Protein chains: 2
Amino acid sequence: MTKGRLIIVSGPSGSGKDTILQKVFERLPEIKFSISTITRDMRPGEVEGEKYNFVSREYFENMIKNDLLLEYNNYVGNYYGTPKAPVDKAIAEGKEIIVEVDVNGARNIKKCREDAISVFIMPPSYEELNRRLSSRGTDAPEVIAKRMKAALDEIAEAKNYDYIVVNDDLNEAVEDFITIIKSDRLNIKRQNYLIDEVLKKC
Amino acid sequence: MTKGRLIIVSGPSGSGKDTILQKVFERLPEIKFSISTITRDMRPGEVEGEKYNFVSREYFENMIKNDLLLEYNNYVGNYYGTPKAPVDKAIAEGKEIIVEVDVNGARNIKKCREDAISVFIMPPSYEELNRRLSSRGTDAPEVIAKRMKAALDEIAEAKNYDYIVVNDDLNEAVEDFITIIKSDRLNIKRQNYLIDEVLKKC
């Protein structure tokens, strides 16, 4: 039985990370997605259990106390976390599971799950990132500058990831992401069992 | 400039390694091949400088003395080695170079070139390996048994490689090999420079 794999994905606002992942899941529907547990209010258009599980602060703090989270943080008064159970279940079943987190979350997960592979989605250039972050048109220059700084701070951490996928052309970026997954399926850590299969007849 | 990569490839007799590599070079002609330096006599059909450089024993021993080899060994009185210069040149130019060696050669190269990635080409099963090694028809059972044992001894070392490519269907095996190369081009060690490119404008 092939061993599964935890795949950590990060990328700043403007990297097009969500669109890439959506297309990857369409192409490889066998891959699982880790649903984050969060305490903030549901926003219009969001669906419980799709990208997030919405829980109470008390419920979340109980998860922390019982060590049920792979990583979590508190941002502007709300908790965001990755539950352990679905990740461990997917891997035990030999499946891949993608966890979408920011650079801090990625660092924390790598500490306790060294076997995870990590992919950073990157805009092709400074100018293009600026263009993407400005394109809503109605935002004040200070708001765009703040968004730009946050994105560049994330990009500076890309060196800690295993792979970089540059999102210049969307289809190419999706291809690249799928290539990383398919290549990982050939990794010795996931194919070790083949050796014994060929040798067992000696 | 993308950093190059040394790719070590091994596989026992009967793995179809040579056919796979031939097709990989057809598909990705930018990849270099490391020509081995050897002291045995040229065989019919062999061409100087194609797969091997044929040199004298004295010449080879001078290469050893001057530390010009990445690895070498002596087999039935003849030397076989991988010269350092073409490998280092290809990598400095940001290219991939494939070195085809046996499990001992692979181990020795990994000692001094930790950054190399290694791929082991494997037959799909014990039975198929036996079939392939017997198919010349005219060989005595003892000869086949000896060949089989040598192949199985090599396969037992596959656990030390980074990737396994199973050669059941030739086209799939070629695809798998190319997937490994393409995925490696997205590896952080080869794409680090992209981070600075996006950030340098801050």
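Whatever comes next refers back to the structure up there.
This structure is a prediction, so every number in the text was calculated from the model and none was measured. (Residues numbered from 1 in each chain as written. Chains lettered and ligands numbered in written order. Predicted model: local features only at pLDDT ≥ 70, side-chain atom pairs only at ≥ 80, totals over all residues. Heavy atoms only, no water.)

Our focus in this paragraph is the interface of chain B and chain A. Counting residues at the interface gives 32 residues for chain B, matched by 32 residues for chain A. Buried area between chain B and chain A, both sides added, is near 2,800 Å², and the carbon and sulfur share of it is 70%. Contact with chain A buries surface across chain B, with Ile164, Leu186 and Val198 of chain B losing the most and accounting together for 22% of the total. The interface formed by chain B and chain A contains zero salt bridges. For the interface between chain B and chain A, the tally reads seven residue pairs in polar contact (both at pLDDT 80 or more). (Contact = heavy atoms within 4.5 Å. Buried area = accessible area lost by both parts, 1.4 Å probe. Salt bridge = Lys/Arg side-chain N within 4 Å of Asp/Glu carboxyl O. Polar contact = N/O pair within 3.5 Å; in protein donor to acceptor, adjacent residues only side chain to side chain.)

The subject of this paragraph is the relation of the copies chain B and chain A. What relates the two chain copies is a rotation about an axis together with a slide along it. Expressed as a screw transformation, the operator carrying chain B onto chain A has a rotation angle of 180 degrees and an axial translation of 0.0 Å, and the superposed copies differ by an RMSD of 0.1 Å. In short, the pair behaves as if placed about a two-fold rotation axis. When the interface residues of chain B are mapped onto chain A, 100% of them again fall at the interface, so both copies present the same face. (Least-squares fit on C-alpha atoms with pLDDT ≥ 70 in both.)

So, about the packing of aromatic side chains. In the structure shown here, the tally under the stated rule is twelve aromatic pairs over all chains. With 6.0 Å between their ring centres and 65 degrees between their planes, Tyr52 of chain B and Phe54 of chain B make a pair best called edge-to-face. Phe54 of chain B sits in the buried class, given a relative accessible area of 17%. When the ring centre of Tyr52 of chain A is taken as reference, the NZ or CZ atom of Arg40 of chain A above it lies at 5.2 Å. (Phe/Tyr/Trp six-rings, centres within 6.5 Å; stacked < 30°, edge-to-face > 60°. Buried < 20%, exposed > 50% of the residue type's maximum accessible area, 1.4 Å probe, protein only. Lys NZ or Arg CZ within 6 Å of the ring centre and 35° of its normal.)

In any sheet, the strands associate via hydrogen bonds between backbone groups, in a parallel or an antiparallel arrangement. Residue and element names in this part refer to chain A. Here four strands make up an open sheet; going across it, the order is 4-3-6-5 and the pairing mixed. The sheet is open, and its two borders are formed by strand 4 (52-54) and strand 5 (69-75), each paired with just one other strand. Between one strand axis and the next, the sheet turns by 25 degrees as a mean value, whatever way the strands run. By the bridge criterion, two bridges tie strand 3 (residues 36-38) to strand 6 (residues 78-83) in an arrangement that is antiparallel. Bridge pairing links Thr37 to Gly81 in strand 6. (Pairing = 2+ DSSP bridges. Helix = DSSP H or I, 4+ residues; strand = E, 2+ residues; numbered from the N terminus. Axes fitted to C-alpha atoms, helices over the stretch in contact; angles between N-to-C directions.)

The next point concerns the sheet that holds strand 9 (residues 163-166) of chain A. Residue and element names in this part refer to chain A. Across the sheet, five strands lie side by side as 2-7-1-8-9; this open sheet has parallel pairing. One side of each edge strand has no neighbouring strand; the edge strands of this open sheet are strand 2 (32-33) and strand 9. Where strand 1 (residues 5-10) meets strand 8 (residues 117-122), four bridges bridge the pair, whose relative direction is parallel. Of the residues in strand 8, the one forming a bridge with Ser10 is Phe120. Lying on the sheet, helix 1 (residues 17-27) is in contact with strand 1, strand 2, strand 7 (96-100) and strand 8; it crosses strand 7 at an angle near 165 degrees.

Residue and element names in this part refer to chain B. By the criterion of burial, strand 1 (residues 5-10) is predominantly enclosed, with six of the six residues buried. The pairing of strand 1 with strand 7 (residues 96-100) spans five bridges and is classified as parallel. Note on strand 7: the bridge partner recorded for Arg5 is Glu96.

The next point concerns the pattern of salt bridges. Evaluation of the coordinates by the stated rule reveals 44 salt bridges over all chains. Residues Glu93 of chain B and Lys95 of chain B are paired through a salt bridge, measuring 3.2 Å at the closest nitrogen-oxygen approach. Salt bridges here are not isolated pairs; linked through shared partners, they connect Arg5, Glu30, Glu96, Asp184, Arg185 and Arg190 of chain A.

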